[in-house]
Amino acid sequence: MCVEMDLCIVKIVYGHINNTVFCGLSRSITGALNVIKEVYPKSIDGKIESYSPTRMIILLDKNKKVYALIELEKKEVINNVEWVVTKRNNEGYVSDTVWGVFDTKNKAEAFVDQNVEDPVRTIREKCNIEEIDGYKPFHRIIGDENPELNKVHYTIYMTDVKD
């Protein structure tokens, strides 16, 4: 029998939902609040703006329009370390969208490899991240004349899961 648990994916939102930054993972809402305190140590307004069975939005700073976004993902096993794949939004926002959470780096890299042609990898050991730049699959077949429109940027984060 499998029991699914909730993994909290913690993000900070600056002013607009397309300005979202991945911050960390936790096994509980309490752990998610600790992640928020680590990345946003200022005193927070703390008002819950919106919630549903899969997501919670907490107001952190009313004047600056800063919010914490906690999304719940069902997983059978939550390891102490998980690998998070994000994709940068190339439409003028400073946003990384979480595309997946994996239990091994190999699975995260395989996921990215399926979504990138001509990958160029940059490993940033101090930050425990790997950045992958490349192009959307089949961009040459589609025949788009401007390859800049078909660039993609993924990041793989090695992330400790808070309790």
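Each remark here, short or long, concerns the structure printed above.
Everything quoted here is computed from the prediction, not taken from an experiment.

Considerations on the environment of I78
Within the secondary structure, I78 sits in the loop between β5 (66-75) and β6 (81-88). Counting along the chain gives 24 residues from I78 to F102, while the straight-line C-alpha distance between them is 9.5 Å. Beyond its immediate stretch of four places on either side in the chain, I78 contacts M5, D6, L7, R27 and V161.

Some words on the packing of aromatic side chains
In total, this model carries 3 aromatic pairs according to the counting rule given. Seen in terms of ring centroids, F22 and Y157 are 5.4 Å apart; in terms of plane orientation they differ by 50°. Their pairing is tilted. Here F22 is found in strand β2 (residues 20-26), whereas its partner Y157 is found in strand β10 (residues 151-162), with 135 residues between them in sequence. By relative accessible area, F22 is classed as buried at 10%. Ring centres of F102 and F111 lie 5.4 Å apart, and the angle between their planes is 40°; on these two criteria the pair is classed as tilted. Taken as a pair, F102 and F111 share a single burial class, namely buried.

Description of the side chain of T155
Inspection of the secondary structure puts T155 in strand β10. Within the structure, T155 has its side chain in polar contact with the side chain of H153 (distance 3.3 Å). Setting aside its immediate chain neighbours within four residues, T155 contacts V84, V85, T86, I129, E130 and E131.

Rules used throughout
Within each chain, residues carry numbers counting from 1 in the order of the written sequence. Two thresholds apply to this predicted model, a pLDDT of at least 70 for residue-level local features and 80 or more for giving and counting side-chain atom pairs, whereas whole-chain, interface and lining totals are computed over all residues. Only heavy atoms go into the side-chain values, all of them from the structure, while hydrogens and water stay out. Only DSSP runs of H or I covering at least 4 residues are called helices, and only runs of E covering at least 2 are called strands; the numbering of each starts at the N terminus. Should any heavy atoms of two residues lie within 4.5 Å, those residues are considered in contact. Side-chain rings of Phe, Tyr and Trp, where Trp is taken by its six-membered ring, are said to pair if the distance between their centres is within 6.5 Å; with planes under 30 degrees apart they count as stacked, over 60 as edge-to-face, and otherwise as tilted. Throughout this description, buried means an accessible area under 20% of the type-specific maximum (1.4 Å probe, protein chains only), exposed means over 50%, and partly exposed covers the range between. Two N or O atoms form a polar contact when they lie within 3.5 Å of each other; inside protein one atom must be a possible hydrogen donor and the other a possible acceptor, and for residues adjacent in sequence the pair counts only when both atoms belong to side chains.

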